[in-house]
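# Structural characterization, general
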Amino acid sequence: MVQNPARRTALVDAAIEVLARDGARGLTFRAVDAEAGVPKGTASNYFANRDELLNQVGAHIHQRLTLDPARLESAQLPPSPELLTELMRALFQHISDDRTGWLALLELRLEATRRPELQAALTETLRANLNMNIEGRRESGIPGDDMTTVLLYYAMTGLIVEHLTVPEVLAPFDIDDLIANFVNRSLAT
């Protein structure tokens, strides 16, 4: 198998674009090659089969969508509900800026309902992501408990899905206010 990490990453990014645009049925090696602008047959030299490509996409999407709180101005705030609100707003903006990545993740989730191996890999990745969020909140000293993190994780997931797929549903609402309410209500005892 070919071992050019930069080319492999470019192919996975191209696969994410194809998956977001054309869905799982449109994700072929030929489509990935065309999207990446590489010669035909390149993707098949890097990935043994479509399942391997899907698994690589699943792992890479989470790297793309992960927010690095240390790079945010709000990271200088003391642990507080305000900091948590700003982190949720930054996460929302970060994911909104990579709409393709999130839509590809939605397609991957749907495909996982038909592919047990992909479902197992995606479950492991998503569970690790949720656990990383729980541990991050614990270590940061941000108010709340583990359930606060879980509630915010799924509230933000739903908000992002609506925003990226049917944004007019949210038209009557101010997104920043919704996020502040998610935080404040999840912290209420």
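Residues numbered from 1 in each chain as written. Predicted model: local features only at pLDDT ≥ 70, side-chain atom pairs only at ≥ 80, totals over all residues. Heavy atoms only, no water.

## Brief notes about the overall build of the chain
Note the following rule: Going along the chain from the N terminus, every DSSP run of H or I of four or more residues is numbered as a helix, and every run of E of two or more is numbered as a strand. The rule is simple: take the accessible area with a 1.4 Å probe, protein chains only, and divide by the maximum for that residue type; under 20% is buried, over 50% is exposed, in between is partly exposed. Here, two residues are considered to be in contact whenever any of their heavy atoms come within 4.5 Å of each other. Residue burial considers only the protein chains on display, and all accessible areas are found by Shrake-Rupley using a 1.4 Å probe.
Each helix and strand counted, the chain has nine helices and zero strands in total. For the chain, the α and β elements follow one another from N to C terminus as α-α-α-α-α-α-α-α-α. Expressed as lengths along the three principal axes of its C-alpha atoms, the size of the chain is roughly 55 × 35 × 30 Å. In the chain, which comprises 189 residues, the share counted as buried stands at 38%. Counted over contacts in the chain with a minimum sequence separation of 6, partners at least 24 positions apart contribute 66%. For the chain, the computed accessible surface area is about 10,500 Å², with 53% contributed by carbon and sulfur atoms.

## Here's the deal with the environment of Asn 129
Relative to the helices and strands, Asn 129 is located in helix H7 (residues 116-140). Judged by relative accessible area, Asn 129 falls into the buried class, the value being 18%. The sequence separation of Asn 129 and His 62 amounts to 67 residues, and the corresponding C-alpha distance is 8.2 Å. If sequence neighbours within four positions are ignored, Asn 129 has contacts with His 62 and Tyr 153.

## Some points on the packing of helix H5 (residues 81-97) against helix H9 (residues 175-187)
Pairs of packed helices are described in terms of their axes, by the angle between the two and the distance that separates them. Spelled out, the test is: For helices, the fitted axis covers only the stretch in contact; all axes are lines through C-alpha atoms, and the angles between them, taken along N-to-C directions, range from 0 to 180 degrees. Here roughly perpendicular refers to angles of 65 to 115 degrees, roughly parallel to angles under 35, roughly antiparallel to angles over 145, and oblique to all remaining angles. Handedness of a helix crossing follows the sense of rotation of the near helix relative to the far helix, less than a right angle counterclockwise being left-handed and clockwise being right-handed. Polarity classes work like this: nonpolar for Ala, Val, Leu, Ile, Met, Phe, Trp, Tyr, Cys and Pro, charged for Asp, Glu, Lys and Arg, and polar for all others, with Gly in that last group.
Where H5 meets H9, the axes come as close as 9 Å, and the angle between the chain directions of the two elements is 135 degrees. On the basis of their axis angle, the class for H5 and H9 is oblique. Where H5 crosses over H9, the handedness of that crossing is right-handed. Along the contact surface, H5 presents Pro 81, Leu 84, Thr 85, Met 88, Arg 89 and Phe 92, while H9 presents Ile 175, Asp 176, Ile 179, Ala 180, Val 183, Asn 184 and Leu 187. Here the residues of the contact of H5 with H9 are counted per class, giving nine nonpolar, two polar and two charged.

## Quick notes on the pattern of salt bridges
Proximity of charged atoms lets side chains of opposite charge pair with each other. Worth spelling out the cut-off: We define a salt bridge as a side-chain nitrogen of Lys or Arg found within 4 Å of a carboxyl oxygen belonging to Asp or Glu.
In total, this model carries 14 salt bridges according to the counting rule given. With a closest N to O distance of 3.3 Å, Asp 22 and Arg 21 form a salt bridge. According to the relative accessible area criterion, Asp 22 is partly exposed, its value standing at 39%. Between Asp 51 and Arg 115 there is a salt bridge; the shortest N-O distance is 2.3 Å. Of the two residues, Asp 51 is situated in helix H4 (residues 50-65) and Arg 115 in the loop between helix H6 (99-112) and H7; the sequence distance between them amounts to 64 residues. A residue is classified by how much of its surface remains accessible, and Asp 51, at 31% relative accessible area, is partly exposed. One connected set of salt bridges, linked through shared partners, spans Arg 50, Asp 51, Glu 111, Arg 114 and Arg 115.

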